[in-house]
Amino acid sequence: MKPLDHLEHLDKHLVDELAQVARETVRDELREQTRKQRRKAALYAASGALALYAGAALALAVGLALALGLPDWAAALITAVILGALAYVLRGMARPSRPGPEHAAGMAPGGDSARRTAAGAVGGMPYPPVPPAPPAEAATPGPVPPRPPQDPDVPHRGA
């Protein structure tokens, strides 16, 4: 038996114990974080339910106010139309805006429909327009600078 064999068993025991402590610590931290998040989610859900009931009570009040001067069926119909219009407006506000005529004006003339279709699939942003010709400076390139005698990436030692 080698003199350090008993230390190998001790090292394995220490590593197992350290791993167990780390697992318990992480588990406790995650449990605490999820407890806070569950509480927050429950409060948001309760807030949403109360807002829904408040909206229903408001719609009922509007209907009852209209029923004072109109037949009941007409008051209910007008209330339904008002709620439907509000829902339509809110739905329109929730949707991302579509590119308008100002986006189409930026397209190159004669742009193909495949490019527009691909732009719509990638979030509605069109590709930038392609210029008809390269810029004037690029047409006449300047002289190419001479290559340095030594490689600039290699450090040089004084001689």
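These figures come from a predicted structure and were not determined experimentally.

Thresholds applied
- Residues numbered from 1 in each chain as written.
- Predicted model: local features only at pLDDT ≥ 70, side-chain atom pairs only at ≥ 80, totals over all residues.
- Heavy atoms only, no water.
- Helix = DSSP H or I, 4+ residues; strand = E, 2+ residues; numbered from the N terminus.
- Buried < 20%, exposed > 50% of the residue type's maximum accessible area, 1.4 Å probe, protein only.
- Contact = heavy atoms within 4.5 Å.
- Areas by Shrake-Rupley, 256 points an atom, 1.4 Å probe, with all protein chains shown as cover.
- Salt bridge = Lys/Arg side-chain N within 4 Å of Asp/Glu carboxyl O.
- UniProt positions renumbered as here; feature names shortened; annotations may be inferred.
- Expected span 1.5 Å × (residues − 1).
- pLDDT = per-residue confidence, 0-100.
- Patch = residues over 30% accessible without salt bridge, like charges linked within 9 Å, V, L, I, M, F, W, Y side chains within 5 Å.

## Notes on the overall build of the chain
And then number 1: Helix and strand counts for the chain stand at five helices and zero strands.
And then number 2: Split into buried and exposed, the 159 residues of the chain put 7% on the buried side.
And then number 3: Contacts spanning at least 24 positions in sequence make up 6% of the contacts within the chain whose residues lie at least 6 apart.
And then number 4: Accessible surface, the chain: about 14300 Å² in total, of which carbon and sulfur atoms supply 67%.

## So, the pattern of salt bridges
And then number 1: Inspection of every chain in the model, using the stated rule, returns two salt bridges.
And then number 2: Among the salt bridges present, the one from Asp28 reaches Arg31, with a minimum N-O distance of 3.4 Å. Here the residue Asp28 and the residue Arg31 both occupy positions in helix 1 (residues 5-67), the gap between them amounting to three residues, near one helical turn.
And then number 3: Note on Asp28: relative accessible area 47%, which makes it partly exposed.
And then number 4: Among the salt bridges present, the one from Glu32 reaches Arg35, with a minimum N-O distance of 2.7 Å. Taken together, the positions of Glu32 and Arg35, both in helix 1 and three residues apart, correspond to about one turn of that helix.
And then number 5: Classification of Glu32 by relative accessible area gives partly exposed; the value is 34%.

## Here we look at the UniProt feature "transmembrane region" (unreviewed entry) in the chain
And then number 1: Following the UniProt record, one finds the feature "transmembrane region" (unreviewed entry) at residues 41-67 and 73-90.
And then number 2: Taken end to end, residues 41-67 has its terminal C-alpha atoms 39 Å apart, with 100% of it in helix and 0% in strand.
And then number 3: As annotated, residues 73-90 has a helix share of 100% and a strand share of 0%, and its two end C-alpha atoms lie 26 Å apart.

## Let's talk about helix 2 (residues 72-94)
Because an α-helix packs 3.6 residues into every turn, residues spaced three or four apart end up facing the same way.
And then number 1: The first and last C-alpha atoms of helix 2 sit 33 Å apart over 23 residues, in line with the 33 Å expected at 1.5 Å per residue.
And then number 2: Taken together, the buried positions of helix 2 are occupied by Ala74, Ala75 and Thr79.

## Quick notes on the environment of Leu83
And then number 1: Assignment of secondary structure puts Leu83 in helix 2.
And then number 2: Taking the C-alpha atoms as reference points, Leu83 and Ala59, separated by 24 residues in sequence, lie 7.8 Å from one another.

## So, the confidence of the model for the chain
And then number 1: This prediction gives the chain a mean pLDDT of 76; 65% of its residues lie at or above 70.
And then number 2: The secondary-structure element of the chain with the lowest mean pLDDT is helix 4 (residues 113-121), recorded at 50, while helix 2 shows the highest, at 88.

## Remarks on the side chain of Thr79
And then number 1: Mapped onto the elements of the fold, Thr79 is located in helix 2.
And then number 2: Those residues within four positions of Thr79 in sequence are excluded, and the remaining contacts are Ala59, Val62, Gly63 and Leu66.

## Quick look at a nonpolar patch on the surface
And then number 1: A contiguous nonpolar patch, built from Leu58, Val62, Leu70, Ile78, Ile82, Leu83 and Leu86 and spanning about 570 Å² of accessible area, is present on the exposed surface.
And then number 2: Those elements that place two or more of their residues in the nonpolar patch are helix 1 and helix 2.
And then number 3: On the secondary structure map, Leu70 appears in the loop between helix 1 and helix 2.

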